[in-house]
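Structural overview
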Amino acid sequence: MRPISARMDGLGMAKFDYDLFTIGAGSGGVRATRLAASYGARAAVAEEYRVGGTCVVRGCIPKKLFVYASEFGHMFHDAGGYGWTADAPRFDWKTLIANKDAEIDRLNGVYIRNLKNAGAEIFDSRATLKDEHTVHLVAENRDVTAAKILIATGGAPWTDNSIEGSDLAVTSNEAFHLEEFPKRVVIAGGGYIAIEFACIFRGLGAEVTLVYRGDDVLKNFDRDISVAVHREMQRLGVRIVTKTVFARIEQRAGAEKRVHLSAGGPIDADLVFWAVGRRPATQGLGLEAAGVKTGKDGAVIVDEWNRTNVANIFAVGDVTDRVQLTPVAIREGAAFAETEFHHNPQKVDYDFIPKAVFSQPPVGTVGYSEGDARRKFGATDVYKTDFRPMKNTLSGSEARTYMKLVVEQSTQRVVGVHIVGEGAPEMIQCLAIAVKAGATKRQFDETMALHPTSAEELVLMRTKWAEKG
Ligand code: NDP
């Protein structure tokens, strides 16, 4: 079957060099390009850094490897209660970085192979738009044309450059390649990246201070979750300074930096880290030349079919700033390819997206927070429990597990599940199926407990938390 996008002139010759040209080989761009190529489209993708994008190269994957590394720090400590002697374990940062780099190289190779095997062409180049059908390949200083163009350039860490010394601080991009392990770290922010890196550096033995402008971290999560994570991080030994922001960063002798705050005394550190959000990577992309409209923070505006205001230009993933999560970008990329190159129109369903924060212990959550559920559904039943997991009895660890079910009162449908505790992301991925399928509290109750696990508490909660709404 001929791809829908192949535009032919009167002589049957292709009018454009490609049916699809994708800018950005991250999660969304790779999925879209691979699928389109596998459906017969003449597809190409340009990537200015490394194929795989943020998730594979400097995001989810190396982050999770760092999380595993840092968890050993607590495990050595906890092992004593179980009879192990794990005196004076030593950690070598350079070994971790080298092994992590080797794994990322391997994955990068897999992504490149998968694209090529599907028949897509890869350009190691920055690409910009010249008009709605023309892409300029900067590294090769030449233009190519395409019937359809997909913008999948992702996002980039935002830093507050209005403050003096802003560039003395790193972002997550650099944190994966530090030459030396920092003994003292100061992190700005209270979202995903700030929390995850604070726990990573703390677990690996650093002194960590988190500087957050609000009260409890993870503001956009269920309130009980943000309070629990805040408390667990403090238990881990992370110092959290609230209601203040970086005011100035000063270079001191050697590698030392001094962070001056808008309120409170200064903090000295070897590493200062911005984790204050990511913004769509659209600067200098030539969107104006192609007539593509952008919105807040430069995000490409798209409709539910991933279409921009220009008929043949599309966008998926973080560059559209809808939901900044890898699996969402992948789904959007697939939906785009199915719709445009496979006669199979698909829209992404954004309801009940499971989310995890790889704090220690981690967070897993799906559906509505208690506050959002009350606003949307009115009367809401809430079930909560918090306990010391069995593993922590002999270890002596004080870390607790928190669980919360949010139930729409009129239908008894479970509309939110929120967990902080070991294994929470794994539990939530499975629970998300039940929640998305509309399971009721009664069906949770009817499900047999699996003993002894922490997860069994999810089907054993019987007493409603005091009604508020
Ligand atoms: P987040 O949006 O999660 O958090 C940003 C944090 O920075 C918030 O605490 C915010 O405060 C604070 N902040 C924003 N602006 C300022 C400012 N001007 N001064 C001081 N503080 C500020 O962004 P991240 O950078 O942590 O992560 C980016 C995105 O990447 C996430 O939203 C997530 O979608 C994705 N991600 C997902 C991960 C996962 O799935 N596990 C892991 C890492 C990233 P406030 O709370 O008050 O708004």
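Note that the structure is predicted; figures quoted are calculated from it, not measured.

Taken residue by residue, helix H10 (residues 370-377) has Glu 370, Ala 373 and Arg 374 as its buried positions. Taken end-on, H10 shows its buried residues confined to a sector of 100°, consistent with a single buried face. Summarising the geometry of H10, the exposed residues directed more than 90 degrees from the buried face are Arg 375 and Lys 376. Once H10 finishes, Gly 378 follows within two positions and takes phi at roughly 80°, a positive value.

Before going further, it helps to examine the pattern of salt bridges. Counted under the stated rule, the structure contains 37 salt bridges. Across the salt bridge formed by Lys 94 and Glu 180, the nearest N and O atoms sit 3.3 Å from each other. Of this pair, Lys 94 sits in helix H4 (residues 93-118) while Glu 180 sits in the loop between helix H5 (172-175) and strand E8 (184-188); the two residues are 86 residues apart in sequence, bridging distant segments of the chain. The exposure class assigned to Glu 180 is exposed, which follows from its relative accessible area of 55%. With a shortest N-O distance of 2.8 Å, Arg 142 and Glu 140 are connected by a salt bridge. Since its relative accessible area comes to 35%, Arg 142 is described here as partly exposed. Connected through salt bridges with shared partners, the residues Asp 222, Asp 224, Glu 370, Arg 374, Lys 384 and Lys 404 form a single ionic network.

The next thing to look at is the packing of helix H6 (residues 192-203) against helix H7 (residues 223-236). One way to put it is that H6 packs onto H7 with a least axis distance of 10 Å and a crossing angle of 20°. One way to sum up the angle between H6 and H7 is to call them roughly parallel. The two elements H6 and H7 meet at a crossing, and its hand is left-handed. The segment H6 lies against H7, with Ile 195, Ala 198, Cys 199 and Arg 202 engaging Val 229, Met 233 and Leu 236. In the contact of H6 with H7, the residues fall into six nonpolar, no polar and one charged.

With that settled, consider the sheet that holds strand E20 (residues 401-408). One open sheet holds the five strands; their spatial order is E17-E18-E21-E20-E19, and the pairing between them is antiparallel. Pairing within the sheet leaves two strands with one partner each, and these edge strands are strand E17 (355-357) and strand E19 (380-387). The sheet shows a mean angle of 15° between the axes of neighbouring strands, direction not considered. With three bridges joining them, E17 and strand E18 (residues 363-367) adopt antiparallel strand pairing. Within the sheet, the bridge partner assigned to Lys 355 lies in E18 and is Thr 365.

On to the site of the ligand, then. Surveying the vicinity of the ligand reveals 20 residues, the closest of which are Gly 190, Ile 193, Tyr 212, Gln 324 and Ala 356. For the ligand, an oxygen atom lies 2.9 Å from a polar atom in the backbone of Gly 190. In this structure, an oxygen atom belonging to the ligand sits 2.9 Å away from a side-chain N or O atom of Arg 213. Considering every element that reaches the shell around the ligand, the biggest residue donor is H6, with three residues. Classifying every residue of the shell around the ligand by side-chain character gives ten nonpolar, five polar and five charged.

This next bit is on the pairing of strand E1 (residues 18-23). Along a regular strand, successive side chains alternate from one face of the sheet to the other. The buried fraction of E1 is high, at six of six residues. Two strands pair when backbone bridges link them, and E1 and strand E6 (residues 142-151) are joined in this way by five bridges, in the parallel orientation. Pairing of Ile 23 across the sheet is with Ile 151, part of E6. Relative to strand E2 (residues 43-46), E1 runs parallel, the two being bridged by four bridges. Paired with Phe 21 across the strands is Ala 44, a residue of E2. Note on the crossover from E1 through helix H1 (residues 27-38) to E2: the handedness is right-handed.

What follows deals with the nonpolar core. Of all hydrophobic cores here, the largest spans 43 residues; its most connected members are Ile 187, Phe 201 and Leu 210. Counting residues per element, the ones that place at least two in this core are helix H3 (60-79), H4, E8, H6, strand E9 (207-212), H7 and strand E14 (271-274). When residues of this core are assigned to their parent elements, the largest contribution, seven residues, is made by H6. Ignoring any residue separated from it by four or fewer positions in sequence, one finds Ile 187 in contact with Ala 194, Phe 197, Ala 198, Val 208, Thr 209, Leu 210, Val 211, Phe 246, Phe 273 and Ala 275.

As summarised here, the arrangement of the four strands in space is E10-E9-E8-E14, forming an open sheet in which the pairing is parallel. Since the sheet does not close on itself, it has two edges, and those belong to strand E10 (239-242) and E14, each with one partner. Along the sheet, successive strands turn relative to each other by an average axial angle of 20°, direction set aside. Bridging between E8 and E9 involves five bridges; their strand directions are parallel. Bridging across to E9, Val 186 finds its partner in Thr 209. Taken strand by strand, H6 contacts E8, E9 and E14, and its axis lies near 165° from that of E9.

Here we come to the confidence of the model for the protein. Per-residue pLDDT for the protein has a mean of 95; in total, 97% of the residues score no lower than 70. Scored below 50 in pLDDT, residues 1-12 makes 27 contacts in the model with residues more than four places away or belonging to other chains.

Moving on to the packing of aromatic side chains. Inspection of every chain in the model, using the stated rule, returns 20 aromatic pairs. Judged by centre distance (6.3 Å) and plane angle (35°), the ring pair of Phe 72 and Phe 76 falls under tilted. Remark: Phe 76 and Phe 72 occur in helix H3; sequence separation between them is four residues, near one turn of the helix. A relative accessible area of 41% places Phe 76 in the partly exposed class. Here Trp 93 and Phe 181 contribute two aromatic rings whose centre-to-centre distance is 5.4 Å and whose plane-to-plane angle is 50°, an arrangement assigned as tilted. Of the two residues, Trp 93 sits in helix H4 while Phe 181 sits in the loop between H5 and E8, which places them 88 residues apart along the sequence. What makes Trp 93 buried here is its relative accessible area of 4%. Take Phe 181: its relative accessible area is 19%, and that puts it in the buried class. In this structure an aromatic cluster arises from ring pairing among Phe 66, Phe 91, Trp 93, Phe 176, Phe 181, Phe 197, Phe 201 and Phe 273. Looking at Arg 58, its charged tip hangs above the ring of Tyr 49, at a distance of 3.9 Å from the centre.

Here is what the cut-offs are and how they apply
- Residues numbered from 1 in each chain as written.
- Predicted model: local features only at pLDDT ≥ 70, side-chain atom pairs only at ≥ 80, totals over all residues.
- Heavy atoms only, no water.
- Buried < 20%, exposed > 50% of the residue type's maximum accessible area, 1.4 Å probe, protein only.
- Helix = DSSP H or I, 4+ residues; strand = E, 2+ residues; numbered from the N terminus.
- Arc of directions from axis to C-beta.
- Salt bridge = Lys/Arg side-chain N within 4 Å of Asp/Glu carboxyl O.
- Axes fitted to C-alpha atoms, helices over the stretch in contact; angles between N-to-C directions.
- Parallel < 35°, antiparallel > 145°, perpendicular 65-115°, else oblique.
- Left-handed = near helix turned anticlockwise from the far one by under 90°.
- Contact = heavy atoms within 4.5 Å.
- Nonpolar A, V, L, I, M, F, W, Y, C, P; charged D, E, K, R; others polar.
- Pairing = 2+ DSSP bridges.
- Near = heavy atom within 4 Å.
- Polar contact = N/O pair within 3.5 Å; in protein donor to acceptor, adjacent residues only side chain to side chain.
- Right-handed = clockwise from strand over helix to strand, strands pointing away.
- Core = buried A, V, L, I, M, F, W, Y, C linked by side-chain atoms within 4.5 Å.
- pLDDT = per-residue confidence, 0-100.
- Phe/Tyr/Trp six-rings, centres within 6.5 Å; stacked < 30°, edge-to-face > 60°.
- Lys NZ or Arg CZ within 6 Å of the ring centre and 35° of its normal.

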